[in-house]
Amino acid sequence: MTQGIAWTTPALLTAYDFSRFDRLVDVGGGEGALLRDILSATPRLRGVLFDLPQVVSRAPEILAGDIAARCQIVGGDFFDSVPEGADAYILKGVIHDWPDDDAVRILRNTRRAIPSGGTLLLVEGVVDSSVRPVGLIELLMLVIGGRERTEADFRSLLDATGFALTRIISTEASSLIECRAV
């Protein structure tokens with residue numbers, strides 16, 4: 001996961017301005033490579049890394065130096081709850097790992113944590129577009145229990161969990177789905 005971040009993050013940082021946020025929670029953020037890169041590119045932004053305790057235990061090696069002073073590391077399970085108190089939340093490659101029922105549970109827990117008007121950012125592949133048609137990864141996700149989704153699928157999940165899709169920004173590696181908590 002950490003190595004995949006090195007490939008996708010430059011495109012994400014080029015496509016999206018994180019400077020309008022005060023605090024960003026990276027839900028299911030692994031060891032913190034994505035959050036480190038976003039915080040490095042956005043000097044006044046504060047961050048929270050949230051993942052399973054055994055995963056975030058390795059994060060201090062990645063979230064070190066000046067970044068450590070602006071970052072909190074929290075262990076937990078997004079099926080139970082998500083840290084509160086941020087104006088933005090990002091989930092990279094999380095939703096596609098789960099079938100709809102579990103995805104709804106994750107999104108509902110995230111919605112409980114976000115104030116109305118807050119921003120949810122999903123970094124996912126969006127299928128059936130000219131940029132990313134259905135392919136081998138979709139078949140693989142079906143086998144392991146996850147699911148790649150269309151824009152309509154994402155809209156349905158978001159509507160059911162208290163979010164409104166505001167825009168989709170396509171990048172070279174994936175899409176950034178920007179949502180507003182309603």
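Further up the page is the structure itself.
The present account deals with the structure reproduced in this document. (Residues numbered from 1 in each chain as written. Predicted model: local features only at pLDDT ≥ 70, side-chain atom pairs only at ≥ 80, totals over all residues. Heavy atoms only, no water.)

It is worth spelling out the packing of aromatic side chains at this point. Tallied over the full model, the rule gives five aromatic pairs. Judged by centre distance (6.3 Å) and plane angle (20°), the rings of Y16 and F21 are stacked. Residues F78 and F79 carry aromatic rings whose centres are separated by 5.2 Å and whose planes lie at 70° to one another, so their mutual orientation is edge-to-face. In this structure F78 comes out as buried when scored by relative accessible area, which is 13%. (Phe/Tyr/Trp six-rings, centres within 6.5 Å; stacked < 30°, edge-to-face > 60°. Buried < 20%, exposed > 50% of the residue type's maximum accessible area, 1.4 Å probe, protein only.)

Looking now at the pairing of strand 7 (residues 175-181). Burial of strand 7 is extensive: six of the seven residues sit out of reach of the surface. Bridge count between strand 5 (residues 119-124) and strand 7: six bridges; the pairing is antiparallel. Counterpart to E124 in the pairing with strand 7 is S175. Two successive antiparallel strands, strand 6 (residues 163-170) and strand 7, enclose a turn made up of four residues. (Helix = DSSP H or I, 4+ residues; strand = E, 2+ residues; numbered from the N terminus. Pairing = 2+ DSSP bridges.)

The full count for this structure, using the stated rule, is seven salt bridges. With a shortest N-O distance of 2.9 Å, R36 and D37 are connected by a salt bridge. Relative accessible area serves as the criterion here: at 27%, R36 is assigned to the partly exposed category. Notably, a salt bridge pairs R149 with D100, separated by 2.8 Å at the nearest N-O pair. Placement of the pair is R149 in the loop between helix 5 (136-144) and helix 6 (151-160) and D100 in helix 4 (residues 100-113), with a sequence separation of 49 residues. Several salt bridges share partner residues, and in doing so they unite R20, R167 and E178 into one network. (Salt bridge = Lys/Arg side-chain N within 4 Å of Asp/Glu carboxyl O.)

An ideal rise of 1.5 Å per residue puts 20 Å on 14 residues; helix 4 measures up with 20 Å between its terminal C-alpha atoms. Listing the buried residues of helix 4 in full gives A103, V104, I106, L107, N109, T110, R111 and A113. Contacts from the buried residues of helix 4 go to strand 4 (88-92), strand 5, helix 6, strand 6 and strand 7. (Expected span 1.5 Å × (residues − 1). Contact = heavy atoms within 4.5 Å.)

This part is about the environment of S40. One can find S40 in helix 2 (residues 33-41). The spatial distance from the C-alpha of S40 to the C-alpha of D66 is 8.8 Å, given a sequence separation of 26 residues. The residues touching S40, leaving out its near neighbours within four places in the chain, are I67 and R70.

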